[in-house]
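Survey of secondary and tertiary structure
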Amino acid sequence: MKKVIKLLFGRRTFVIILLLLQVYLIVFLLIQSRTRFHTASITLNTISIIAVFYIMSRKDKSEYKIIWIVMIMIVPLFGGTLYLMFRLQSSVERFQRRFSKYDAQAFTVLKQDGDVFEKLRADDVDIAVQSQYLIDTIGYPVYQNTYAEYIPSGEQYFIRLTEELKRAEHYIFLEYFIIAKGIMWDTILGILKDKVNKGVDVRVIYDDMGCMFSLPDKYFKTLAKMGIRSIAFNPFRPFWTTLQNNRDHRKIAVIDGKVAFTGGINLADEYINAKKRFGHWKDSAVMLRGDAVRSFTVMFLNMWDSLYNCEENFYDFLSTDSEPEINKYGSGYVQPYCDSPVDNEYVGENIYLQIIN
């Protein structure tokens, strides 16, 4: 009964109700404007025509343009107005400016080792062209001297991650779309609290929408009481805005600038099959050790500084210690990179299409 009451009167229900009321109010006002005022109807239809021409002139993806144009043509009464409401939002512009500012730091902090790139070019000129695209577009270099371990399941990921977290001496950075209370997170949280007590800098970023049904509201305050610095990415608010579409789906763990994890596994029990939601969950991850971890460190700090609107000296967190044993793992290349919703370059999509080609 308590769970039902909590669900009915909780933040999530309140948010959903307010969003639905906003949609209803907008549609109601537009329909009333058309039926009651002939001039308003002509104005709304004119706005839709202008919006279609504006969409056609933009350098957006064709799929994105087609969806909007079709919707406006089907519902010209409020389609154009709806599009303008999505496009002309000051909160979105501020969000984009802030993230663009901190994204640019990658170019100044991460430098491409010329010798490494020339070796790559000599080994495979086609891959070198793709690598150059990433360097020029988003500033993330290609590395050697990096050990990469494929982790084929959430269960094994959980073991490897906790092993490395226990070895942390200086800092732990965690950035995940979903964090949920349970065996996995409770175990990790116990390690984090122990490390904080030993003077380790522990920071956590979680997506507010991704954790809406798995963590209490303002969970970062709970973590702060434990000494863990934390922030929710783009807190979900009951206002109709495209800003809510920008979510942080990254799954990144960085330990002392020496070890990094990434992949498709969130910090929730279904990912380690301790909880059954959709049958057996199969996902995978990668652990890196060595020079390429620098890029993951910068990715996390870029996000952290963007959310806090602060500037830190990234060099304080970049490990310069090469572990000698890494060299025995071969001479392959690793180039971690990230994409961003605040530019017009579809980096992730372009890379995957090129790999397929």
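Structure report, in brief. (Residues numbered from 1 in each chain as written. Predicted model: local features only at pLDDT ≥ 70, side-chain atom pairs only at ≥ 80, totals over all residues. Heavy atoms only, no water.)

**Notes on the overall build of the protein**
Going by this rule: For the purposes of this entry, the term helix denotes a DSSP run of H or I that reaches at least four residues, the term strand denotes a run of E that reaches at least two, and both are numbered from the N terminus. With a 1.4 Å probe rolled over the protein chains alone, any residue whose accessible area is under 20% of its type maximum counts as buried; one over 50% counts as exposed, and the rest are partly exposed. What makes two residues a contact is simply this: any of their non-hydrogen atoms within 4.5 Å. In short, Shrake-Rupley with a 1.4 Å probe defines the accessible areas, and a residue's cover is counted only from the protein chains shown.
The helix and strand inventory of the protein stands at 14 helices and 7 strands. Looking at the protein as a whole, 46% of its 357 residues qualify as buried. Put simply, 77% of the contacts in the protein that link residues at least 6 apart link residues at least 24 apart. Surface summary for the protein: the accessible area is close to 19400 Å², and the carbon and sulfur share equals 60%.

**Focus: the packing of helix α10 (residues 154-166) against helix α11 (residues 183-197)**
To keep things clear, this is the line we draw: Convention adopted: a line fitted to C-alpha atoms gives each axis, helices being fitted over their contacting stretch, and angles between N-to-C directions are expressed from 0 to 180 degrees. Angular relationships are summarised with four words: roughly parallel below 35 degrees, roughly antiparallel beyond 145, roughly perpendicular across 65 to 115, and oblique for the angles in between. All residues other than Ala, Val, Leu, Ile, Met, Phe, Trp, Tyr, Cys, Pro, Asp, Glu, Lys and Arg, Gly among them, are scored as polar; the first ten of these are nonpolar and the last four charged.
α11 packs onto α10 with a crossing angle of 10° between their chain directions and a minimal axis gap of 10 Å. As judged from the angle between their axes, α10 and α11 are roughly parallel. Facing Tyr-157, Phe-158, Leu-161, Thr-162, Leu-165 and Lys-166 of α10, the residues of α11 in contact are Ile-183, Met-184, Thr-187, Ile-188, Ile-191 and Lys-195. Here the residues of the contact of α10 with α11 sort into 8 nonpolar, 2 polar and 2 charged.

**Some thoughts on the pattern of salt bridges**
Quick note on the threshold: Any carboxyl oxygen of Asp or Glu that lies within 4 Å of a side-chain nitrogen of Lys or Arg is treated as forming a salt bridge with it.
On inspection of all chains with the given rule, the structure shows 13 salt bridges. Here Arg-203 ties to Asp-201 by a salt bridge, and the two come within 3.1 Å at their closest N and O atoms. An identical accessibility class is assigned to Arg-203 and Asp-201; each is buried. Across the salt bridge formed by Arg-277 and Glu-270, the nearest N and O atoms sit 3.2 Å from each other. A relative accessible area of 7% places Glu-270 in the buried class. Taken together, the salt bridges that share partners define one network made up of Glu-149, Arg-160, Glu-163, Glu-164, Arg-167 and Arg-289.

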